[in-house]
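Chain by chain, the residues:
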Amino acid sequence: MSENDLVKKLPVSVVRFGMGKEIQLYNDELVVTGQEEGQETRVQLDTIKQLILVPGDPNPGKLVLMADLDDDTTVILSEGMSNARDFRALLPQLQALHPHIQLDPPDMEEQLRQALNTRRAWSLTCYGTFLLVCALLVLLYFAVAFIGAHVHF
């Protein structure tokens with residue numbers, strides 16, 4: 001492939017996560033770029049039997065994406081992927097291009113949707129708790145100020 005072909009070749013979908021990390025889906029391959037310049041993993045879509053998505057070890061919110069290949073090897077494509085929303089949008093495009101690729105878990109798109117909803121609910125709970133504590137502290141301050149202004153010793 002010449003440089004002109006590489007320039008003209010546009011990705012079907014791009015998932016950005018972290019600093020300088022992204023997953024690029026092309027018509028014939030999946031490319032994962034790393035932080036360092038020139039660090040990338042290219043896997044032909046025809047050679048992928050199964051895509052595996054598992055939670056990260058120390059932080060389950062950072063996902064690990066692996067690919068089982070035709071030659072019975074498993075390649076870790078990305079560790080620490082945190083952009084579940086864009087990755088979820090990439091899955092239907094991947095299935096449309098190559099329906100033979102199996103997903104593990106089989107309902108990966110649904111599980112990512114549930115994870116996004118859980119993360120959103122957890123964030124709302126944290127923000128709500130913080131605001132409630134702040135409101136209670138302000139009320140406590142006003143109660144102490146009111147009592148201190150009206151009671152003379």
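Quick note: structure is the one above.
Note that this is a predicted model, so its numbers are computed, not measured.

Undergrad: Can you walk me through the packing of helix α2 (residues 84-97) against helix α3 (residues 108-150) in this structure?
TA: Helix-helix packing is characterised by the crossing angle of the two axes and by the distance between the axes. Running from amino to carboxyl end, α2 crosses α3 at an angle of 160°, the nearest separation of the two axes being 10 Å. What the angle tells us is that α2 and α3 run roughly antiparallel. For α2 against α3, the interelement crossing comes out left-handed. Facing α2, whose interface residues are A84, R85, F87, R88, L91 and P92, α3 presents M108, E109, L112, R113, L116, R119 and R120.

Undergrad: Explanation requested: the state of the cysteines in the structure shown.
TA: Put plainly, a disulfide is one covalent bond tying together the sulfur atoms of two cysteines. Within the structure shown, the criterion is met by zero disulfides. No disulfide involves C126; its sulfur sits 13 Å from the nearest other cysteine sulfur, which is in C134. The class of C126 is partly exposed, set by a relative accessible area of 36%. Taking relative accessible area as the criterion, C134 reaches 31% and is therefore assigned partly exposed.

Undergrad: What is the right way to read the sheet that holds strand β7 (residues 74-81) from this model?
TA: Think of a sheet as strands paired side by side through backbone hydrogen bonds, with each pair either parallel or antiparallel. Spatially, four strands are ordered β7-β6-β5-β8 in an open sheet, and the strand pairing comes out mixed. Taken across any chain shown, the strands that pair with only one partner, and hence form the sheet edges, are β7 and β8 (102-104). Each strand of the sheet is rotated relative to its neighbour by a mean of 15°, with strand direction disregarded. Direction of pairing for strand β5 (residues 48-55) relative to strand β6 (residues 63-69): antiparallel, over a ladder of seven bridges.

Undergrad: What is the right way to read the sheet that holds strand β1 (residues 13-16) from this model?
TA: Across the sheet, four strands lie side by side as β1-β2-β3-β4; this open sheet has antiparallel pairing. Every other strand in the sheet has two partners, leaving β1 and β4 (40-44) as the edge strands with one partner each. Pairwise comparison of adjacent strand axes, ignoring direction, gives a mean angle of 10° for this sheet. Bridge count for β1 against strand β2 (residues 22-25) is four bridges, and the pairing is antiparallel. Paired with S13 across the strands is L25, a residue of β2. The sheet strands contacting α2 are β1 and β2, and the helix crosses β2 at an angle near 25°.

Undergrad: Sorry, what's going on with α3 here?
TA: Three- or four-residue spacings in an α-helix give side chains the same orientation, since the helix completes a turn every 3.6 residues. Between the first and last C-alpha of α3 there are 63 Å, a value that for 43 residues agrees with the 63 Å anticipated at 1.5 Å per step. All of the buried residues along α3 are M108, L112 and L116. Those residues of α3 hidden inside the fold are in contact with β5, β6, α2 and β8.

About the cut-offs
- Residues numbered from 1 in each chain as written.
- Predicted model: local features only at pLDDT ≥ 70, side-chain atom pairs only at ≥ 80, totals over all residues.
- Heavy atoms only, no water.
- Axes fitted to C-alpha atoms, helices over the stretch in contact; angles between N-to-C directions.
- Helix = DSSP H or I, 4+ residues; strand = E, 2+ residues; numbered from the N terminus.
- Parallel < 35°, antiparallel > 145°, perpendicular 65-115°, else oblique.
- Left-handed = near helix turned anticlockwise from the far one by under 90°.
- Contact = heavy atoms within 4.5 Å.
- Disulfide = S-S within 2.5 Å.
- Buried < 20%, exposed > 50% of the residue type's maximum accessible area, 1.4 Å probe, protein only.
- Pairing = 2+ DSSP bridges.
- Expected span 1.5 Å × (residues − 1).

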